[in-house]
Protein chains: 2
Amino acid sequence: MKPTRRVTIAGGSITPFIGKFHPDFIWKKHPDFGQRENPTLEQLLHRVALGACSDVDIDPAIIDRGYVTNFVGELFSNQGHLGAMTAGAHEGFLHTPFTRLEGACASGGLGIAAAIDAIQAGADLVLVVGAEVQTTRNAKVGADYLARAAHYAKERSIDEFTFPAMFARRTRAYCEKHDVTPAQLAPIVVKAYANANRNPNAHMHAVTMSQEQAANASDANPCFLTNEELNPWLRISDCSQVSDGACGVILASDEGLDKLGSGANRAVQLTSCSVACGPLGAVPDYTRMDVTSAAASRCYGESGWDATDIQIAEVHDCFSITEALICEALGFCDEGEGMQIAADGVTSLEGSLPVNSGGGLMAFGHPVGATGVKQVFEIFRQMNRLCGDYQVANSPTRGLCANMGGDDRTSVVTLMEKS
Amino acid sequence: MKPTRRVTIAGGSITPFIGKFHPDFIWKKHPDFGQRENPTLEQLLHRVALGACSDVDIDPAIIDRGYVTNFVGELFSNQGHLGAMTAGAHEGFLHTPFTRLEGACASGGLGIAAAIDAIQAGADLVLVVGAEVQTTRNAKVGADYLARAAHYAKERSIDEFTFPAMFARRTRAYCEKHDVTPAQLAPIVVKAYANANRNPNAHMHAVTMSQEQAANASDANPCFLTNEELNPWLRISDCSQVSDGACGVILASDEGLDKLGSGANRAVQLTSCSVACGPLGAVPDYTRMDVTSAAASRCYGESGWDATDIQIAEVHDCFSITEALICEALGFCDEGEGMQIAADGVTSLEGSLPVNSGGGLMAFGHPVGATGVKQVFEIFRQMNRLCGDYQVANSPTRGLCANMGGDDRTSVVTLMEKS
């Protein structure tokens, strides 16, 4: 819904997104193994909750509401009840209302939507923190946990790696419909890694990816699905990262902005935010993102904007095909052209519509519950020219985030504007 | 926060709460074992989502928003992303926004609070469905899952049954402070079972409990904790039930009420709703519910009501001591008198302030994510004289729900009024 009380994002905080191949990630062959440990879910939540308050120079006690977004803390960290856990970050949060929201990979976007509602209901300063820890289990166990974003009883068995297989299925359908090949997704992958190489918080900051590497399966970049029909349609480089990380933002009414100690001039308006869902286990067309499209249509209708107004976007590239499909669902290009706009440089840092400027889920990383929060914080940072080496060239004032859960079964689209 | 747009509960739907000792619950010695199965989480969610729409005679397509409340579906049912799963209940829900919320045992109350916000933000008809399935694992595994409502790393080890031990700790502190014995909690337990015996949807509908049985540990009612210090302070009869079940309600603005096909005359206003949290793993005083008290104080302050205005209440009796402590936190009696008001009959069906008229968590049952939704639906039903054999005698027009998560770490207090 379109807010009737104006809502802005006033500031925020983010941790590095870390995991395999990130130099700070502790694993058994790391030189610091046994001497220090990776941050826990609680530490991540507390760090960004306090960091976000600090970024706008406020006492945590004046936060009216908190929302915590996380997918499966109960599994990777044996921990639920994350609202109360986050309330433990600071004594000023005592008796502040905190609520945890979950919508699989769209959890963060749901937190933004809830915070906008809270401001419509009278709150002035709302904290949204998203976090996920996923590296406490091995890849196969982790894939089983993440399959809870699908209809587990019906869809788990498609492959040991349920979600990669579901998006390989989309890649195949897309390639067959539009007469293209998976190799043509390589420019999307290469862009993601190139952007991440400039982003010090990115999981893949230190890993390079060439067109040649991304386009071809190899021993270093295998097709890994055991489902034989789907195996040829997805390589490791087409996948987002299993990352640990967190992001927190402060949303404010105009009265809330007046309470900030600093930084109110950076405020970026959340012009429209829509959530849409579709039934689990029932995707009508693997070549379209119908739920994301429905959410975007509502946002465009409410705001009077259309796709040509968007100058920067964060879209949910959980797999390379997803970036193509979402760009099409959002109207950034026609159907079948989602690969081409990346190949043409339209969506690069120097392009007219930079997409996933920090590296996206594929290379910035994908700590599930943090992702939707990170998206709005990235647009905020780009609009305030805070992105250093990966600052986009086009000085955007209108942006869009598309955060998607499961196989396009929950989608949150948010329009943002800096005046 | 006090709603500025009036919000009412217009209707709803509930399933029986079932589990061990309920005649419809399928287990290996049940005559129907192998021929039918207990309802799945998806079936429960769909049943009450459709049932609630049917109760107010609307097409599901006109629901503006949906909220789904559940604690640990990821563990007992291998299923998250319950918003999208619930959207699958009816084709009219396609592209409707559904969000899952979690705050341990207070999840349901958080759903009510979110729905009130949604109506402040412009929604007219909001569906809240809460459900939990917990009988898919044995009691010890289940206790480990539920310990995720506590600070798992710090508190799990208190006992194999973490939460029973945490409330045995409260019972001990309370009894020592007020010079009473756990046997004096028996009237709370006996009332719960007596009410459930009149309630056809109650888990313990068919199980009787005498003062003698509840007051004394026995082979049939043992002290079961392995923590030796805490063991004497809790018997099985002091505990709420491990139940499967669901409840759904429709919240409406005044414009929403105009859209109902029937039943608008039953509407009960949600006068005030407050959420409060405290840090996990850090209870300041085991003899008080400080977080519940903070939430209640806000509600009383906003509404101008005080405890003497309340004519019926649903309070979160996860253990017998909890009912006593919450009644005190809400101001229904002085500290140390929470047991006595039950013994005196004040809180019985015929009393001046019936508490947990349908049997509460101890005997109606406690399907965790459903409980907070059930509470408001019960007050709605009592105010509309829909409770049959357990209809209260005092024709209440002002009521209160107190839904609590973990060891009083999230609390949602809601005031309700029928004009």
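Residues numbered from 1 in each chain as written. Chains lettered and ligands numbered in written order. Predicted model: local features only at pLDDT ≥ 70, side-chain atom pairs only at ≥ 80, totals over all residues. Heavy atoms only, no water.

## Some details on the pairing of strand β9 (residues 410–417) of chain B
Residue and element names in this part refer to chain B.
Item 1. Along β9, seven of the eight residues are buried, which leaves the element largely enclosed by surrounding structure.
Item 2. Two strands pair when backbone bridges link them, and strand β6 (residues 268–277) and β9 are joined in this way by eight bridges, in the antiparallel orientation. Note that in β9 the partner of V275 across the bridge is V412.
Item 3. As defined by bridge partners, strand β8 (residues 398–405) adjoins β9 across eight bridges and the pair is classed as antiparallel. Residue pairing in the sheet places A402 in a bridge with V413 of β9. (Buried < 20%, exposed > 50% of the residue type's maximum accessible area, 1.4 Å probe, protein only. Helix = DSSP H or I, 4+ residues; strand = E, 2+ residues; numbered from the N terminus. Pairing = 2+ DSSP bridges.)

## Description of the relation of the copies chain A and chain B
Item 1. The transformation that overlays chain A on chain B combines an axial shift of 0.0 Å with a rotation of 180°, and the residual RMSD is 0.0 Å. Taken together, these values place the two copies in the relation of a two-fold axis. No C-alpha of chain A lies nearer the rotation axis than that of A:L101, which sits 2.3 Å from it.
Item 2. Counting the interface residues of chain A, we find that 100% of their copies in chain B are interface residues as well, pointing to one common contact surface. (Least-squares fit on C-alpha atoms with pLDDT ≥ 70 in both. Contact = heavy atoms within 4.5 Å.)

## Points about the interface of chain A and chain B
Item 1. In this complex, chain A contributes 56 residues to the contact, which on the side of chain B involves 56 residues.
Item 2. Buried surface at the junction of chain A and chain B, both sides included, amounts to about 4,200 Å², of which 55% is carbon and sulfur.
Item 3. Linking chain A with chain B are four salt bridges, by the criterion used here.
Item 4. At the junction of chain A with chain B, the criterion picks out 34 residue pairs in polar contact (both at pLDDT 80 or more).
Item 5. Of all the secondary structure elements, the ones that give two or more residues to the side of chain A that touches chain B are β2 (65–69), α2 (73–76), α3 (82–87), β3 (98–102), α4 (107–120), α6 (152–155), β6 (268–277) and α11 (290–303) of chain A.
Item 6. Counting residues per element, the side of chain A that touches chain B draws most heavily on β3(A), which supplies five residues.
Item 7. Considered class by class, the residues forming the side of chain A that touches chain B number 30 nonpolar, 16 polar and 10 charged.
Item 8. Two strands pair when backbone bridges link them, and β3(A) and strand β3 (residues 98–102) of chain B are joined in this way by three bridges, in the antiparallel orientation. (Buried area = accessible area lost by both parts, 1.4 Å probe. Salt bridge = Lys/Arg side-chain N within 4 Å of Asp/Glu carboxyl O. Polar contact = N/O pair within 3.5 Å; in protein donor to acceptor, adjacent residues only side chain to side chain. Nonpolar A, V, L, I, M, F, W, Y, C, P; charged D, E, K, R; others polar.)

## Concerning the domain arrangement of chain A
Residues and elements named next belong to chain A.
Item 1. Along its sequence, chain A is carved into domain 1 (8–136 + 243–265) and domain 2 (271–417).
Item 2. The contact between domain 1 and domain 2 buries some 2,100 Å² in all, and 77% of this surface belongs to carbon and sulfur atoms.
Item 3. Of all residues in domain 1, I9, F17 and C105 bury the most surface against domain 2, accounting for 29% of the area lost on that side.
Item 4. Summed over the shared surface of domain 1 and domain 2, the result is zero salt bridges.
Item 5. The class makeup of the residues in the side of domain 1 that touches domain 2 is 17 nonpolar, 14 polar and two charged. (Domains from an automatic or database assignment.)

## Observations concerning the pairing of strand β5 (residues 245–252) of chain B
Taken residue by residue, a regular strand's side chains alternate between the two faces of the sheet.
Residue and element names in this part refer to chain B.
Item 1. For β5, a buried count of eight out of eight residues is recorded, marking the element as mostly surrounded by other parts of the structure.
Item 2. The side-chain alternation of β5 yields two buried faces, one formed by G245, C247, V249 and L251 and the other by A246, G248, I250 and A252.
Item 3. Taken together, the six bridges between strand β1 (residues 8–14) and β5 define a ladder with antiparallel strand orientation. Bridge assignment links S13 to a residue of β5, and that residue is G248.
Item 4. Of the strand pairs in this sheet, strand β4 (residues 125–132) and β5 are connected by eight bridges, and their pairing is antiparallel. What sits directly across from G130, in β5, is C247.

## Thoughts on the packing of aromatic side chains
Item 1. Under the counting rule described, the total for this entry stands at 14 aromatic pairs over all chains.
Item 2. Note on A:F76 and A:Y145: the rings are 4.9 Å apart at their centroids and 75° apart in plane angle, and the pair reads as edge-to-face. Placement of the pair is A:F76 in helix α2 and A:Y145 in helix α5 (residues 139–146), with a sequence separation of 69 residues.
Item 3. Given the relative accessible area of 3%, A:F76 is considered buried.
Item 4. Seen from their ring centres, B:F93 and B:F98 are 5.2 Å apart, and the 80° between their planes marks the pair as edge-to-face. You'll find B:F93 and B:F98 in the same group, each marked buried.
Item 5. Taken together through their ring pairs, the aromatic side chains of A:F163, A:F167 and A:F319 make up a single cluster. (Phe/Tyr/Trp six-rings, centres within 6.5 Å; stacked < 30°, edge-to-face > 60°.)

## Side note on the environment of A:C175
All names here are of chain A.
Item 1. Within the secondary structure, C175 sits in helix α7 (residues 162–178).
Item 2. With a relative accessible area of 3%, C175 lands in the buried category.
Item 3. Each C-alpha atom, one on C175 and one on N221, is 20 Å from the other, the two residues being 46 residues apart in sequence.

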